[in-house]
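Residue-level structural notes
This is what each chain is made of:
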Amino acid sequence: MINLALLRMGQLAALGALALLGILDLRGGLGSDSVTMTLWRVGAAIAAAVVWLPAHKQGSTALPRAAIALGLHSMFLTAVLYDHAEYNELWGLAESSALLGVLMVVSRRGRADWAFPAVAVVLMAVGGMPLRAGSESIVITFGLIQALAGAAAIGIGIYLRTLEGNRQRAVDAIRAEQRTEFARDLHDFIAHHVTGIVVQAQGARFIAEQDPQRVLLALEQIEQAGAETMASMRRMVGVLRDPESKPDAPLAPVSGVSDLETLVGQFDAAGGPSARLHVDGELAGMPVEVSTSAYRVVMEALTNVRQHAREASSVDVWITRTPLQLMVRVRNDGPAARTPTVRERPGYGLVGLAERVRAVGGRITAGPGVGGGWIVDAVLPLEWSNS
């Protein structure tokens, strides 16, 4: 609202300045022309103001086309008035000022392939307008001054265009980073819940004949996991559809180390390898970036156990806090994961995880343990700088 009010005030001030220049034009001799020629001059100034003052979209083609028409019209008037010009007359300060505004706006907003010929035509019109007052050397000097003013207006427009282009590129980079974040969230949250649903559904098939009561429990867990998955998808898809509707809303579900007990408990209750959480140190009061990154390290590691370590019988999660760092280790006792074949599509889980950990100044490794199994280790500094 403030920016809009300032824009309106600027437009009113510009109109007022053009009106004063128009009065000077009339007092300087324009009134001595024929009524028709006076109307042509006044109309040219008004038309230039109409093109200059309104807001225009970036990359407009209508704007430079209108500017070309104005420039050609101005040069036509100059050619008509040159033959019977009088030195004591002004050539049209209002029209000159309005055309300078047109030069700036076209340089800033016009589509590049149309803007170049448009500014060339208008600049020639602005530089040649003083010839309406004669061909004396002082008049030619005024023409050079107006041409320099036109070049300055073009430079201002290009400068503002560059600033806006840089800002737009920065916004596009942030949006691309957010899209990458959404892709990682989709993998981390959705893949985790969906693999859990698959494992529980497979387990329910085997226990259906032995213990029907446990099937009901498995179905309840599947329902809960499905509801959590749908909620996560709705939040992320909602942001993708309308990213500006709620700029202060979180871009993705946020979970931290305080939720690890629930995460490990759900993994253990889903069947398959038994999972245990070991905590050493106080987990409260740590930076949210570290807390959420640690949570996602554990989530991705548990998801990979379900997908790639089906022969594992146990999974241990260690969370250790020291004064300077948080250490996360997830170890399963299954055989080492095999290397994917060329035809298999590479996963994005560990890639996204490595990006997250590096973003907070940490490091992560994953590989077979000395005593067997597979180990994921992450070290996250509690005090870090992203500069």
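All values derive from a computational prediction rather than experimental measurement.

Reading the values: the criteria
- Residues numbered from 1 in each chain as written.
- Predicted model: local features only at pLDDT ≥ 70, side-chain atom pairs only at ≥ 80, totals over all residues.
- Heavy atoms only, no water.
- Helix = DSSP H or I, 4+ residues; strand = E, 2+ residues; numbered from the N terminus.
- Buried < 20%, exposed > 50% of the residue type's maximum accessible area, 1.4 Å probe, protein only.
- Contact = heavy atoms within 4.5 Å.
- Areas by Shrake-Rupley, 256 points an atom, 1.4 Å probe, with all protein chains shown as cover.
- Expected span 1.5 Å × (residues − 1).
- Core = buried A, V, L, I, M, F, W, Y, C linked by side-chain atoms within 4.5 Å.
- Axes fitted to C-alpha atoms, helices over the stretch in contact; angles between N-to-C directions.
- Parallel < 35°, antiparallel > 145°, perpendicular 65-115°, else oblique.
- Left-handed = near helix turned anticlockwise from the far one by under 90°.
- Nonpolar A, V, L, I, M, F, W, Y, C, P; charged D, E, K, R; others polar.
- pLDDT = per-residue confidence, 0-100.
- Pairing = 2+ DSSP bridges.

**Digging into the overall build of the protein**
The helix and strand inventory of the protein stands at 10 helices and five strands. Each of the 387 residues in the protein was classed as buried or not, and the buried ones make up 38%. For the protein, the proportion of contacts with a sequence separation of at least 24, taken over those separated by at least 6, is 76%. As displayed, the protein offers around 22,000 Å² of accessible surface, 62% of which is attributable to carbon and sulfur atoms.

**Here's the deal with helix α3 (residues 62–82)**
The terminal C-alpha atoms of α3, which comprises 21 residues, lie 30 Å apart, in line with the 30 Å expected from a rise of 1.5 Å per residue. Turning to α3, its buried residues number three or more, namely L63, P64, A67, I68, L70, G71, S74, L77, T78 and L81.

**Details of the nonpolar core**
One recurring pattern in soluble globular proteins is that nonpolar side chains are buried together. The biggest cluster of nonpolar side chains holds 32 residues, and the ones touching the most others in it are V298, L302, I319 and L326. At the level of elements, α8 (260–269), α9 (288–308), β2 (314–321), β3 (325–332), α10 (349–359) and β5 (374–381) are the ones that each hand at least two residues to this core. Sort the elements by how many residues they give to this core and α9 lands first, with nine residues. With residues up to four places along the chain from it excluded, the contact list for V298 reads L260, L263, V317, I319, V328 and V330.

**As for the packing of α3 against helix α4 (residues 93–109)**
Axis angle and axis distance: for two packed helices, these are the angle between their axes and the distance between the axes, and together they describe the pair. Relative orientation of the contacting elements α3 and α4 amounts to 150°, with a least axis distance of 10 Å. Here α3 is positioned roughly antiparallel relative to α4, judged by the angle of their axes. Viewed along their axes, α3 and α4 form a crossing whose handedness is left-handed. Contacts from L63, P64, A67, L70 and S74 of α3 reach α4 at E95, L99, V102, V105, V106 and R109. Looking at the contact of α3 with α4 residue by residue, the classes come out as eight nonpolar, one polar and two charged.

**Comments concerning the confidence of the model for the protein**
Averaged over the protein, the pLDDT score is 76; the fraction of residues at 70 or greater is 69%. Low pLDDT, under 50, characterises residues 245–253; the stretch is placed with 12 contacts to residues that sit more than four places away or in other chains. Confidence over residues 339–346 falls short of pLDDT 50; this stretch has one contact with residues more than four positions distant or in other chains.

**Observations regarding the pairing of strand β4 (residues 363–368)**
Bridge analysis of β4 against β5 gives six bridges, and the strand direction is antiparallel. Considered in β5, the bridge of P368 is made with W374. The turn linking β4 back onto β5 is made up of five residues, and G372 within it adopts a positive phi angle of 105°.

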